[in-house]
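Observations on the three-dimensional arrangement
Spelled out, the chains give:
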Number of protein chains: 4
Amino acid sequence: MCSVCVATVKRGDIIDTRTFDCFGNVVQKPGDTLAKVKGDNPLIGPFYVEGAEPGDTLVVKILELTVDGNQGVAALTPGFGALNTTYYTPMLNAPVPEKIWFYPIDRARNEATFNALDSKFSTKIPLHPFLGCLGVAPALESRSSITPAEHGGNMDAPEASVGNTAYFPVNVRGALLFLGDGHAQMGDGEIAGTAIEVPMRARLQVSVIKGQKIAWPRFENSREIMALGAYRPLDDALRIAFTELIGWIHAETGLSELDAYQLLSQVGKVHVTEMVDPNYVVIASIDKKFLPPRKNHKPW
Amino acid sequence: MCSVCVATVKRGDIIDTRTFDCFGNVVQKPGDTLAKVKGDNPLIGPFYVEGAEPGDTLVVKILELTVDGNQGVAALTPGFGALNTTYYTPMLNAPVPEKIWFYPIDRARNEATFNALDSKFSTKIPLHPFLGCLGVAPALESRSSITPAEHGGNMDAPEASVGNTAYFPVNVRGALLFLGDGHAQMGDGEIAGTAIEVPMRARLQVSVIKGQKIAWPRFENSREIMALGAYRPLDDALRIAFTELIGWIHAETGLSELDAYQLLSQVGKVHVTEMVDPNYVVIASIDKKFLPPRKNHKPW
Amino acid sequence: MCSVCVATVKRGDIIDTRTFDCFGNVVQKPGDTLAKVKGDNPLIGPFYVEGAEPGDTLVVKILELTVDGNQGVAALTPGFGALNTTYYTPMLNAPVPEKIWFYPIDRARNEATFNALDSKFSTKIPLHPFLGCLGVAPALESRSSITPAEHGGNMDAPEASVGNTAYFPVNVRGALLFLGDGHAQMGDGEIAGTAIEVPMRARLQVSVIKGQKIAWPRFENSREIMALGAYRPLDDALRIAFTELIGWIHAETGLSELDAYQLLSQVGKVHVTEMVDPNYVVIASIDKKFLPPRKNHKPW
Amino acid sequence: MCSVCVATVKRGDIIDTRTFDCFGNVVQKPGDTLAKVKGDNPLIGPFYVEGAEPGDTLVVKILELTVDGNQGVAALTPGFGALNTTYYTPMLNAPVPEKIWFYPIDRARNEATFNALDSKFSTKIPLHPFLGCLGVAPALESRSSITPAEHGGNMDAPEASVGNTAYFPVNVRGALLFLGDGHAQMGDGEIAGTAIEVPMRARLQVSVIKGQKIAWPRFENSREIMALGAYRPLDDALRIAFTELIGWIHAETGLSELDAYQLLSQVGKVHVTEMVDPNYVVIASIDKKFLPPRKNHKPW
């Protein structure tokens, strides 16, 4: 059904797979440089989801994510990062140097160790593993695995983690799900350009909501609904995320758009997931306890 | 010492005062419109702080904040808000309508009630009272009480709340502290343009760090250090906040700037306090447990 | 050599072709709506250019452009435009209405007539025909014909007109040149979302500079060199355009980057071609009379 | 009538004065550094204009501008410029170095000479003298002479030159006109942070339009009307400039806003005057020949 797909899955099936780190697992030890990297964010997929057709919503429940190995890696890349000159924000200052940090990972303790390069300082960091890349085939364009957009992709969203369900617009028959770019842990904004990058073992369950058309990725768990916007500047990513969230609330509950706007002004949350990729990503969310019941009487 | 000051305080003194709400307390009941408002964010102050001189840091410890009354108010103002056309992002679409929401406040339960205007829905919202405006005299310009900038001002930062200490650059002799714009509760981004606006009773303790010059406001509590940036677009506010935080870490601990950059990429936090004022505000923070010890052996 | 190509051309060949207008020529008379449009910016091509290989520069000399017909069309599309709410700058205001303006075109006089919709006012507008879309296959992604980027595309640049030569990076063997979206005339910024949109007859001469790698499109005529940047916000498009121009000057003349920066601060020109497409486009230029001679003694 | 004013002028009076350069005339010869500068943009004024009251428009006709001396100066200042890291766009890259260029000026030929610092190249540049700073007292805030805003100020607009008339909102009794920051010549965007900075002799004629309230500065000459917007990012400066221009056209001619929007999409012009000051400045303009007659039958 899809000559380039790695597998076909049915609605309800569980995908159990392994992913490369963002560098294709080639940066392993002191002395390895980014020149070895053959292409950022090599992904696993696409998976063809039977029954998913344009106009539907793909549902991806994240069941399990495990760091695959005992080391993570992070890099400072000249031309990439929120606080240095970049390809799309070029300046005449001298570029920052390339640098690589290795993070030993203790899976039993669920923590990584940051070791400073310029001093002897080290510190332990608790892990929150997630998939930096998760998405479907775009509607019209084909996008790099570095780019987050309406189809998901390189959202670098810690929301793509165990306990959460992700929703994506289905743009082509079979949806064509892909994943990768495992992150053992990441700060808000991913400001230096990378998370603690790791290979990952992942278990995901896919399903489809027929006839529900959404425009941008969404997340949900038992406590919150979350809407994502991806563009530049952050201002527009935030506007997209919140208008999506307001549209979601309005559609499900009938609360008027301006009442939802007001309510979010008091209880909405903003998460800047990254400010380094070709598009910047903002997730707007609200705790379900503040929401009206759904029109269809289904529980939130 | 200062002809316009409401009081002179010594280092260590406690200021115990009351503030108006952002509308000067004139929007009180259904039918009241924003046309009654004589000027947004009327403030209390300035307070002259003895011993504070340019090049010092003013320290403001927030001891107590209590909503003064049993009602909050919020408004949708045409030309103001993150998701509607505004004075500085003008468009040709028809403006949104003026609307006012009143929030009954139950101080015993520490909660407000949101009542939808367009339906019968209502919901309870827990309160986190803080001062929307807190700051000192600017260095050179005089700024409106709507504008957050290097001097603090209308930061709309929930970080200006009990348990936190705020730091401001002292730009003029006496610092000239002012405060107001009490918020009973506010969502990230303050997207519809207001928080739950309330008069406030406030107790603050002021002191001065002699000879410590900072460029932008900072916050601190027992757990975190937080640096603020205020500008447009959000991208630049975020850059300011993080370069300030990196500078702070570097100065206090000796951790190199690039190591601090890397560490924050994994454990830094971003808080978009508001995206509606003339400058947008971002606060970048880090948990002290991830930091090296301070150079001077003082505990964090 | 290229199964999807419409023709193969040799270096030095002249392409003589006709293009559709941006609406596929389906909006022709009062009553026609945008609902008839099957996809914006249908393009002609791709043309396979023999001898063009990745790392080369494709040279496109624009020999002749003629409006094909005696009418142009322009539209206001809800969700598209610099001064109304859009897909990427969404707001809660009511959208602007869809409207269509028809422009009678007098080719003998080289002018169009603007007829107001809401009054009887009309005015004559002189024409400057150009190709809104001109470009090559992107390096990695495939992009919509609405998107301008490193590969050119929907640059909406009046610089793509008779007398000018355009340069594009060759990303794939054969370059894969395409063109379309004829504009009879357009104001700076293309602010309402369209130019005076017309079918076009076009004559272009293609050639290749072997082994010259460029990153972004460039233009040149006997008087000026021009470098293009495309991104959001305009600030970054401008930064890209000027750093490209400085790099060009530095590479060709040996003038230091900081001297070129200074010189452009006094004699550089900025052209905002459009602020409505997914990326905004800025062209930075300098009159050759201000430049040092080229290193290779070739005349500018 | 105004204790701080340098002079009181009547409507119709001509001001004949001299201004300092942006560095206070202290950077004069090789070896002089920016450390000598006591404050950027020292201005002349304020001038109290009799009969100007809040709600009026101040009219400033620029009669004559002459470079005062035979040398201009330009600087690259670390932390200031469109293509290097700045105070409001801070990054971790090493800052650019401070550099100063001196421009010999030949007033008889109306040209300056650019002499490269890093090579022997020099080139002649024709002059277009204008006032970088021209404005009135702000409405509420007091702003630095580095900041352009609603009151004019450091607009760095070549439109402030002989043959043009500038309009400013009167915010306080007497308007309080000030001027300075003479520029012998400047490129679009003033990208390296300065023009060719010179002391200037200036002759300006002031008058007042009673009861005409405008929001932002405007310019006019016999051929064009021009509206200015100043904010960040450039996108918003452009939106302000064009909505002001549309409002101007609509008010004077009755052309509907959407017809004006459409017309400007075909014949509007955009001038990015600077992208380096605290606010960025865009001027939108239209040739009067495209406009309907004025409602009051007065000629344009």
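All of these numbers come straight from a predicted model, not from anything done at the bench. (Residues numbered from 1 in each chain as written. Chains lettered and ligands numbered in written order. Predicted model: local features only at pLDDT ≥ 70, side-chain atom pairs only at ≥ 80, totals over all residues. Heavy atoms only, no water.)

1. Describing the overall build of chain A
Along the backbone of chain A there are two helices and 19 strands. A globule of 300 residues ought to have a C-alpha radius of gyration of about 19 Å, and chain A, at 19 Å, matches this closely. Projected onto its principal axes, the C-alpha positions of chain A cover 60 × 45 × 40 Å. Expressed as a percentage of its 300 residues, the buried residues of chain A come to 66%. Of the contacts formed within chain A by residues at least 6 apart in sequence, a portion of 74% connects residues at least 24 apart. (Helix = DSSP H or I, 4+ residues; strand = E, 2+ residues; numbered from the N terminus. Rg over C-alpha atoms; globule rule 2.2 N^0.38 Å. Buried < 20%, exposed > 50% of the residue type's maximum accessible area, 1.4 Å probe, protein only. Contact = heavy atoms within 4.5 Å.)

2. Examining the interface of chain C and chain D
For interface size, the figure often reported is the accessible area lost on association. Opposite the 61 residues of chain C that make contact, chain D presents 61 residues. Where chain C meets chain D, there are zero salt bridges. Between chain C and chain D we count 44 residue pairs in polar contact (both at pLDDT 80 or more) in total. Only strand S5 (71-76), strand S6 (99-106), strand S8 (122-126), helix H1 (234-253), helix H2 (257-267) and strand S18 (269-274) of chain C provide two or more residues apiece to the side of chain C that touches chain D. Taken together, the residues of the side of chain C that touches chain D break down into 36 nonpolar, 15 polar and ten charged. (Salt bridge = Lys/Arg side-chain N within 4 Å of Asp/Glu carboxyl O. Polar contact = N/O pair within 3.5 Å; in protein donor to acceptor, adjacent residues only side chain to side chain. Nonpolar A, V, L, I, M, F, W, Y, C, P; charged D, E, K, R; others polar.)

3. A closer look at the interface of chain A and chain D
At the interface, ten residues of chain A touch ten residues of chain D. Of the roughly 930 Å² buried at the junction of chain A and chain D (both faces included), carbon and sulfur atoms supply 60%. When the area that chain A buries against chain D is broken down by residue, the three leading residues are Leu83(A), Met91(A) and Asn93(A), summing to 54%. Here chain A is connected to chain D by zero salt bridges. Connecting chain A to chain D are six residue pairs in polar contact (both at pLDDT 80 or more). (Buried area = accessible area lost by both parts, 1.4 Å probe.)

4. Section: the sheet that holds strand S17 (residues 224-231) of chain D
Residue and element names in this part refer to chain D. Taken together, the eight strands give an open sheet; going across it, the order is S2-S15-S4-S12-S16-S17-S19-S18, and neighbouring strands pair in antiparallel fashion. Since the sheet does not close on itself, it has two edges, and those belong to strand S2 (14-19) and strand S18 (269-274), each with one partner. Neighbour-to-neighbour, the strand axes of the sheet open up by a mean angle of 25 degrees, direction not taken into account. Bridge analysis of strand S16 (residues 218-220) against S17 gives three bridges, and the strand direction is antiparallel. (Pairing = 2+ DSSP bridges. Axes fitted to C-alpha atoms, helices over the stretch in contact; angles between N-to-C directions.)

5. Notes on the domain arrangement of chain A
Residues and elements named next belong to chain A. Looking at the assigned domains, one finds that chain A contains domain 1 (7-209) and domain 2 (218-290). Here domain 1 and domain 2 have C-alpha centroids that lie 22 Å from each other. Taken together, the 28 residues of domain 1 in the interface contact 19 residues of domain 2. At the boundary of domain 1 with domain 2, total buried surface from both sides reaches about 1900 Å², with 58% on carbon and sulfur atoms. For the pair domain 1 and domain 2, the interface holds zero salt bridges. Between domain 1 and domain 2 we count 13 residue pairs in polar contact (both at pLDDT 80 or more) in total. For the side of domain 1 that touches domain 2, the elements supplying multiple residues, two or more each, are strand S10 (148-149) and strand S12 (165-169). Per element, the largest residue contribution to the side of domain 1 that touches domain 2 is three residues, and it comes from S12. Residue composition of the side of domain 1 that touches domain 2, by class: 14 nonpolar, ten polar and four charged. (Domains from an automatic or database assignment.)

6. Comments concerning the pairing of strand S13 (residues 177-185) of chain D
All names here are of chain D. Burial of S13 is extensive: nine of the nine residues sit out of reach of the surface. Sheet topology places strand S3 (residues 43-49) next to S13; three bridges connect them, and they run antiparallel. When the bridges of S13 are listed, Phe47 appears paired with Leu177. Relative to S13, strand S9 (residues 130-135) is paired through five bridges, and the arrangement is antiparallel. Of the residues in S13, the one forming a bridge with Phe130 is His183. For S13 and strand S14 (residues 196-197), the ladder comprises two bridges, and the chain directions are antiparallel. Bridging from a neighbouring strand, His183 pairs with Glu197 of S14.

7. Remarks on the sheet that holds strand S15 (residues 200-209) of chain C
Strand pairing within a sheet occurs via backbone hydrogen bonds; the two strands may be parallel or antiparallel. All names here are of chain C. Strand order in the open sheet formed by eight strands is S2-S15-S4-S12-S16-S17-S19-S18, and the pairing between neighbours is antiparallel. If you trace the sheet from one side to the other, it starts and ends with strand S2 (14-19) and S18, each paired once. The sheet shows a mean angle of 25 degrees between the axes of neighbouring strands, direction not considered. As paired elements, strand S17 (residues 224-231) and strand S19 (residues 280-287) share eight bridges and run antiparallel to each other. Pairing of Ala230 across the sheet is with Val281, part of S19. Together, strand S16 (218-220), S17, S18 and S19 form the strand contacts of H1, whose direction differs from that of S17 by roughly 145 degrees.

8. Quick look at the pattern of salt bridges
Residue and element names in this part refer to chain A. Taken as a whole and judged by the stated rule, the model has 75 salt bridges over all chains. The shortest N-O distance in the salt bridge between Glu53 and Lys210 comes to 3.0 Å. Placement of Glu53 in the loop between strand S3 (43-49) and strand S4 (57-67) and of Lys210 in the loop between strand S15 (200-209) and strand S16 (218-220) is noted, with a sequence separation of 157 residues between them. Classification of Glu53 by relative accessible area gives partly exposed; the value is 33%. Its relative accessible area of 38% is what places Lys210 among the partly exposed residues.

9. A short note on the relation of the copies chain C and chain D
Overlaying chain C on chain D yields an RMSD of 0.0 Å, the required transformation being a rotation through 180 degrees with an accompanying axial translation of 0.0 Å. Accordingly, the operation relating the two chain copies is best matched by a two-fold axis. It is Leu234(C) whose C-alpha, among those of chain C, lies nearest the rotation axis, at 2.9 Å. (Least-squares fit on C-alpha atoms with pLDDT ≥ 70 in both.)

10. Some thoughts on helix H2 (residues 257-267) of chain A
Side chains of residues three or four places apart in an α-helix project in the same direction, reflecting 3.6 residues per turn. With ten of its eleven residues buried, H2(A) lies for the most part within the structure. Within H2(A), the full set of buried residues consists of Leu258(A), Asp259(A), Ala260(A), Tyr261(A), Gln262(A), Leu263(A), Leu264(A), Ser265(A), Gln266(A) and Val267(A).

11. A few points about the side chain of Asn84(A)
With respect to the element layout, Asn84(A) can be found in the loop between strand S5 (71-76) and strand S6 (99-106). Among the polar contacts made by the side chain of Asn84(A), one reaches the main-chain carbonyl oxygen of Phe80(A) at a distance of 3.2 Å. A distance of 2.6 Å separates the side chain of Asn84(A) from the side chain of Tyr261(B), its partner in a polar contact. Among all residues touching Asn84(A), those that are not within four sequence positions of it are Leu76(A), Thr77(A), Gly79(A), Val96(A), Tyr261(B), Met91(D) and Asn93(D).

12. What about the relation of the copies chain A and chain D?
The transformation that overlays chain A on chain D combines an axial shift of 0.0 Å with a rotation of 180 degrees, and the residual RMSD is 0.0 Å. Comparing contact sets, 100% of the residues at the interface of chain A also lie at the interface in chain D, consistent with an isologous, same-surface contact.

13. Quick word on the state of the cysteines
What makes a disulfide is a covalent bond joining the sulfur atoms belonging to two cysteines. Residue and element names in this part refer to chain B. Taken as a whole and judged by the stated rule, the model has four disulfides over all chains. A sulfur-sulfur distance of 1.9 Å marks the disulfide that ties Cys2 to Cys5. Residues Cys2 and Cys5 are joined through a disulfide that is right-handed, its torsion about the S-S bond being 80 degrees. Of all cysteine sulfurs, the one in Cys22 lies closest to Cys133, which takes part in no disulfide; the gap is 8.9 Å. (Disulfide = S-S within 2.5 Å.)

14. Overview of the packing of aromatic side chains
On inspection of all chains with the given rule, the structure shows 28 aromatic pairs over all chains. Ring plane angle 10 degrees and centroid distance 3.7 Å describe the contact between Tyr88(B) and Tyr231(D), whose orientation is recorded as stacked. Pair noted here: Tyr88(B) is in the loop between strand S5 (71-76) and strand S6 (99-106) and Tyr231(D) is in strand S17, and the two residues belong to different chains. Here Tyr88(B) and Tyr231(D) have matching classes, each one buried. An aromatic cluster of at least three residues, connected via ring pairs, comprises Tyr87(A), Tyr88(A), Trp216(C) and Tyr231(C). Lying across the ring of Trp300(A), Arg294(A) places its NZ or CZ 5.1 Å from the centre. Across the ring face of Trp248(D), the terminal group of Arg218(D) is positioned such that the distance to the ring centre comes to 4.6 Å. (Phe/Tyr/Trp six-rings, centres within 6.5 Å; stacked < 30°, edge-to-face > 60°. Lys NZ or Arg CZ within 6 Å of the ring centre and 35° of its normal.)

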